[in-house]
Structures are given as structure tokens and as C-alpha cells.
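Chain by chain, the residues run as shown.
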Amino acid sequence: MLARTTGRGGEDAAPAVRAEGVSQTFDRRGPAVLDGVDLTVAPGEFVCLLGASGCGKSTLLNLIAGLNRPTAGRVTVAADRPALMFQEPALLPWLTAAGNVELALKARGVGRPERRAEAGRLLRVVNLGGQSDKRPHELSGGMRQRVALARALAQGSSVLLMDEPFAALDAITRDVLHEELIRVWTEQRLAVVFVTHNVREAVRLAQRVVLMSSRPGRIVREWSVDLAQPRAIESPGVGALATEITAQLHQEISRHGH
Amino acid sequence: MATDTTLDTPRGTTVPRSSRAVEAGLDALDTAAVPGARRSVGRVLVRSVMPPVVFLAALVGVWQAVYLAKVKPTYALPGPATVWQTFLDTVQDGRAAEAVWTSVSRGAVGFAMSLVIGTLLGLAMWSSRWLRAAVGPIVSGLQSLPSVAWVPAAIIWFQLSDAAIYTVVLLGAVPSIANGLLTGFRQVPPLFDRVGRVLGLSAPGRVRYVLLPAALPGYLGGLRQGWAFAWRSLMAAELITYSPTLGQGLGQLLDIGRELSQMSLVITSIALILIVGVAIELLVFAPLERRVLQTRGLTTGR
């Protein structure tokens, strides 16, 4: 029922995200954080960027988000302003759940009456219909991250960037949020770039997993995941591919030991 | 809302679960109502009102004992009963109300001016790195300079007038308010600004909807300290600038007590100054701060 072709759907359409020869150096004499990265994400495609710490995956995400400029190379994004979710929910604590979502709508110039209704609808999308008037500190970590997802959706972008958004959550909550995210992605046909260092999470979610090396960050290899959604994180299919990717990841990390 | 799904998909990825039901269950568990800390009148009396009352009673007891022991001559240390009588007399003949009204209205006007000037100064210092480097150390230094030090200068500039009093109040309160606002800005997590940029808010929009509200707790702390400094400076100014043309404030009442060597009036004046200070704190700043902190989950309410 939720079958979805796992290829790079829409080859002729303009890509949602394209990075060409992107390099990033923060300190002029220091080592490159990113070195000649090429990445293309098709509209509606779900890509996970995977790598150990220091591989520059968050740096790449910030470049795609337009928060930084690359030292060399070019980043083009189909959407005006991609939506971005951080590892922390990053909700503004003086606003209610609905208020946080409404701020994203306001930034887009949505009028006040529509804002109210649209924020309510988006909170129902993430199953928080009854919590509109709660403040962030009255919600659990998982609920806050769902409000953050609703806020990201409120940006109305066709590209959603996620920077380890579930890393700080417990396993049960993370499981539920994976399902929630896949449901939203299926319904809204977003291109998603999801950064993680959790191999199973990457295989659980993505159509394509991109492995990055550390210092400098380069793209080492990629896998397309031909498992139908929704997948269970503990399923044998996910496990088998995760084992294969983990082996390659360990090999990459060991290179830094000598 | 829960939809039960059992999905059989190829390659053995069977997903038997009802995720929305699990989600709803987790939400309910995570936000289980904390046993309500309902504050009954009786508990408030026992916890907040009784301790200071008991302490005050003990203090008066010690005072009475020292008085009876004649450690100091009676004119220097009158007993609690004498002072209470003077207090009542001062209240009944209207001098207390007049002094309190004069001082509080001066304090309010001075504080309002300080609020405007201090806030503008803080904003200017925040937006200009150069101004911050140039004025910052002086503003911080002024905070530790007792504002009584300005009284002679203010009198030479403005004679014995309200202008002299307000000058001293402003010099006492403005630095605290400006610094409080700066501290508030500095404490804003950088993540909030990134959120504003990701959402596509313009620079003024980020100030209006993210930076200013985020800085509110620090700013409130500055206002509270600014009021305390304004009130102290006002008392110092009133104590020194006695003139029949000026209204009679609490500081002046205190000085009359000294002139007449009437210790009971001196103590009465001090008590009135304290009462006003505590009342403003309890009625204005404490509730304001509690509200802001509770909204943001920054206090347990203990």
C-alpha cells in the first residue's frame, strides 16, 4: 500500500538539491572539512548522509540550508528556503506549540486567521492536535521534536533538511518518530536530506544512504535501499544492509587510527 | 486517531504495530500530570507569611531586651513602644502618607525615565560594537559607584531642585538597566538566531520575534536592580537636598528626625523606606519575574 519506487524518481525534473565540487575550510591553513563533495537529491527523494563524527555532514547540511557559504563549489536548491530541523527541538520557550508553528507561517507572510487554522492542522499531522496551547517545557522530548517537525512543515518547502533530529531521544520514541516521519514524507512528497551517525536509522529511513569519510569529508560510497516502507528497524532486511554498511564505516574510521 | 496496521511487505519486513496508539501512549506517559502543587491559603500562611512574622517578633523582643538593659541612653535607643507611638502619630497626622507619596512618585518618574534611557542605551550598545567597547567599561564602572557621590555635583548644577534629585536617580538606575538588557542579549542561545534565519525572518523580524523576547529574563533582572538603585539613590538625594521649596519625601523626613534628635522618627522613617522597598518588590517585580520564568519552564515554583 505504501509501495514507492526507490529509484531516483523523476530523472528529468530539476534536482531538489545539487552540490557540485563543494569544499569547505574554516581555518585558512587548517584541513578541509569538506573536499570536493558532489551530491544530487531528486525531488521527493529521501537521502541519509551517514558518517562518523568530523565527517562534515552537518557542515554540508548547513551549506545546503544556506546558513554558510562554501569555500569552493556550488550548492543549488530547488526550494527558496529549505526547511531545517536541528538535533535540539530549538522551540522558542515563550511561545506555545501552536505559536512556534505560527511563527514559521508568519515568516512566510501567511495572514493571521489562516495561521491559526494551518498551525492546528500541522499539529494534527504530527498527532499533537490536543497540545496546541502547551509550552515547550510542558512537552516531552519526542513531542517537542514533533512540534519542530510541524514547524519545519509550516515552512512550506519542498526540501526538508534534518540534522540528527532524533539522536537525543530514547529508542521507543525514536521508533515512533521514524514511522511518523516516513508517513509525513510519503504524504507530502518532500525531498529529505537526513544526517545521522546511526547506520540502522539510515537504512530504516532512506531510499539512498550516502557514506562520508572523515577529515576531509568526502563521499565514499552509496547504497540504494530497495526495501518497501514502512520498514521495521529490527527487520532482517534492514539488519543485513546495516551490517554491510557498518563494515565499510568501520574500515573508514580505522584509517584514522594510524 | 489510532489506526491499527499490520503490514506484510516483501523480504520479511513485517510491521505489526499501531504506531499512533503507541505514540499516544508515550505522550500520555511522558506528560503524566505532576501532583498538583495547589497552594491553599493555609499553606501560604504557614510557609511564606509565618517565618518573617516570627523573625520580626524575635527582633522586636531583642530590641526590647536591649532597651530594658539600658545599653544606650533612651534618647539614642527608644523602646519599641515609643517608636510604635511615633509611627502611629506620623501615619495619623498624614506626614507618612505625604512622604511616601512624594518619594514613590519621584521614584516612579525617575525609574520611568531611567527605563527609557537605559533601554535605548542598551540597544545602542548592543547594535554597535564600537559603542560597546567605548561605553561598556564606564557603564559597568558607574554601577559600582555609589550614586550619593553625584549629589554634590547635582546640587551645584541644578541647585536644590527636583532636577538635582532626578539626576542622581538616573545616574544610579540607567547603568543597571542598560547592562541588564545587554546581559539578556548575551544569554540568548545562538541556536535561536539560527532558527530565525532558517524560518526566513528578516533581520528586524529576528530582533522583534526572537531576540527581544529571548532576552526578557535578563532584562527583567536589570529592571529589578535598576529600581533598587533608583530607590537607594533617591533616598540619598532626598537626605541631602533638604529645602522648603521641595516636597517632603521619606529621605527628608529622616533628616528632620536627625535635626530634632528624635530617634523614634528616624527609626519610623527607616521602617517606611523598608516597607516601600519590600512592597514594590513583592507587588511588582516578584510576580512579573515569576510569570516570565514559569512561562518558559525556568522555575520549579518552589
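Residues numbered from 1 in each chain as written. Chains lettered and ligands numbered in written order. Predicted model: local features only at pLDDT ≥ 70, side-chain atom pairs only at ≥ 80, totals over all residues. Heavy atoms only, no water.

### Considerations on the overall build of chain A
- Scanning chain A for helices and strands turns up seven helices and nine strands.
- The C-alpha radius of gyration computed for chain A amounts to 18 Å, which stays within 12% of the reference 18 Å derived for 258 residues, consistent with globular compactness.
- In terms of overall dimensions, chain A has C-alpha extents of about 55 × 45 × 40 Å along its principal axes.
- In chain A, buried positions account for 56% of the 258 residues.
- Pairs at least 24 apart in sequence give 71% of the contacts found in chain A among residues at least 6 apart. (Helix = DSSP H or I, 4+ residues; strand = E, 2+ residues; numbered from the N terminus. Rg over C-alpha atoms; globule rule 2.2 N^0.38 Å. Buried < 20%, exposed > 50% of the residue type's maximum accessible area, 1.4 Å probe, protein only. Contact = heavy atoms within 4.5 Å.)

### Considerations on the confidence of the model for chain B
Residues and elements named next belong to chain B.
- Summarising the model, chain B shows a mean pLDDT of 84, and 90% of its residues fall at 70 or more.
- Looking at the elements of chain B, mean pLDDT is at its lowest for strand 1 (residues 5-7), recorded as 42, and at its highest for helix 4 (residues 95-127), recorded as 92.
- Counting contacts from residues 1-16, a segment whose pLDDT is below 50, to residues more than four positions away or on other chains yields 32 contacts. (pLDDT = per-residue confidence, 0-100.)

### Regarding the domain arrangement of chain A
All names here are of chain A.
- Domain annotation for chain A reports domain 1 (1-26 + 42-82 + 159-258) and domain 2 (95-156).
- A C-alpha centroid distance of 25 Å is found between domain 1 and domain 2.
- Taken together, the contact between domain 1 and domain 2 spans 15 residues of the former and eleven residues of the latter.
- Buried area between domain 1 and domain 2, both sides added, is near 900 Å², and the carbon and sulfur share of it is 69%.
- Linking domain 1 with domain 2 are zero salt bridges, by the criterion used here.
- Between domain 1 and domain 2 we count two residue pairs in polar contact (both at pLDDT 80 or more) in total. (Domains from an automatic or database assignment. Buried area = accessible area lost by both parts, 1.4 Å probe. Salt bridge = Lys/Arg side-chain N within 4 Å of Asp/Glu carboxyl O. Polar contact = N/O pair within 3.5 Å; in protein donor to acceptor, adjacent residues only side chain to side chain.)

### A closer look at the pairing of strand 3 (residues 46-50) of chain A
- Burial analysis of strand 3 of chain A places five of its five residues in the buried class, which makes it a mostly covered element.
- Of the two faces of strand 3 of chain A, both are covered, the one formed by A:F46, A:C48 and A:L50 as well as the one formed by A:V47 and A:L49.

### Details of the environment of B:K70
Residues and elements named next belong to chain B.
- With respect to the element layout, K70 can be found in the loop between helix 2 (41-68) and helix 3 (80-92).
- Accessibility expressed as a relative area gives 58% for K70, which makes it exposed.
- For the pair formed by K70 and R129, sequence separation is 59 residues and the distance between their alpha carbons is 61 Å.

### Quick look at the sheet that holds strand 8 (residues 208-213) of chain A
Residue and element names in this part refer to chain A.
- Here six strands make up an open sheet; going across it, the order is 5-6-7-3-8-9 and the pairing mixed. Each edge of the sheet is formed by a strand with only one pairing partner; in this case those strands are strand 5 (83-85) and strand 9 (218-224). The average undirected angle you get between the axes of adjacent strands in this sheet is 20°.
- Two strands pair when backbone bridges link them, and strand 3 and strand 8 are joined in this way by four bridges, in the parallel orientation. Paired with L50 across the bridge in strand 8 is L211.
- Running at roughly 170° to strand 5, helix 4 (residues 141-154) makes contact with strand 5 and strand 6 (159-163) of the sheet.
- Strands in contact with helix 5 (residues 171-188) are strand 3, strand 6 and strand 7 (191-196); relative to strand 3, the strand with the most contacts, it is inclined by about 135°. (Pairing = 2+ DSSP bridges. Axes fitted to C-alpha atoms, helices over the stretch in contact; angles between N-to-C directions.)

### Re the environment of A:A206
All names here are of chain A.
- Relative to the assigned elements, A206 resides in the loop between helix 6 (199-205) and strand 8.
- The buried category is assigned to A206, whose relative accessible area is 0%.
- The sequence separation of A206 and D175 amounts to 31 residues, and the corresponding C-alpha distance is 14 Å.
- Each residue touching A206, except ones within four places of it in the same chain, is listed here: F46, V47, C48, V225 and R231.

### Quick notes on the sheet that holds strand 2 (residues 34-41) of chain A
All names here are of chain A.
- What the three strands build is an open sheet, ordered 2-1-4; its pairing is antiparallel. Of all the strands in the sheet, just strand 2 and strand 4 (72-77) have a single pairing partner and so form its edges. With strand direction ignored, the average angle separating the axes of adjacent strands in the sheet is 15°.
- Direction of pairing for strand 1 (residues 17-24) relative to strand 4: antiparallel, over a ladder of five bridges. Looking at the pairing, V17 lines up with V77 of strand 4.
- Helix 1 (residues 57-65) contacts strand 1, strand 2 and strand 4 of the sheet and is inclined by roughly 60° relative to strand 2.

### Points about a nonpolar patch on the surface
Residues and elements named next belong to chain B.
- A cluster of nonpolar side chains, contributed by V109, M113, V116, I117, L120, L123, V207 and L212, occupies part of the molecular surface with about 620 Å² of accessible area.
- Of all the elements in the fold, those that place two or more residues in the nonpolar patch are helix 4 and helix 9 (203-240).
- Residue contributions to the nonpolar patch peak at six residues, all from helix 4.
- With respect to the helices and strands, V109 occurs in helix 4. (Patch = residues over 30% accessible without salt bridge, like charges linked within 9 Å, V, L, I, M, F, W, Y side chains within 5 Å. Areas by Shrake-Rupley, 256 points an atom, 1.4 Å probe, with all protein chains shown as cover.)

### With respect to the pattern of salt bridges
- Counted under the stated rule, the structure contains 21 salt bridges over all chains.
- With a closest N to O distance of 3.4 Å, A:R74 and A:E20 form a salt bridge. Of this pair, A:R74 sits in strand 4 while A:E20 is found in strand 1, placing the two residues 54 residues apart along the sequence.
- Looking at A:E20, the relative accessible area reads 31%, which means it is partly exposed.
- B:R95 is the salt-bridge partner of B:D93, the closest N and O atoms lying 3.5 Å from each other.
- Residue classification places B:D93 among the partly exposed residues on the basis of a relative accessible area of 47%.
- Owing to a relative accessible area of 28%, B:R95 belongs among the partly exposed residues under this scheme.
- Residues joined in a network through salt bridges with shared partners are A:E45, A:R208 and A:E222.

### A closer look at the interface of chain B and chain A
- Facing the 34 residues of chain B at the interface are 49 residues of chain A.
- For the chain B face of the interface with chain A, the top three residues by lost area are B:E23, B:V198 and B:L199, together amounting to 17%.
- Here chain B is connected to chain A by two salt bridges.
- Close ionic contact of A:R146 with B:D27 constitutes a salt bridge, the shortest N to O distance being 2.6 Å.
- One can count nine residue pairs in polar contact (both at pLDDT 80 or more) joining chain B with chain A.
- Mapped by element, the contributors of at least two residues to the side of chain B that touches chain A are strand 2 (15-17), helix 1 (19-30), helix 8 (190-198), helix 9 and helix 11 (263-295) of chain B.
- The greatest single-element share of the side of chain B that touches chain A, amounting to seven residues, is contributed by helix 1 of chain B.
- In terms of residue class, the side of chain B that touches chain A is made up of 15 nonpolar, ten polar and nine charged. (Nonpolar A, V, L, I, M, F, W, Y, C, P; charged D, E, K, R; others polar.)

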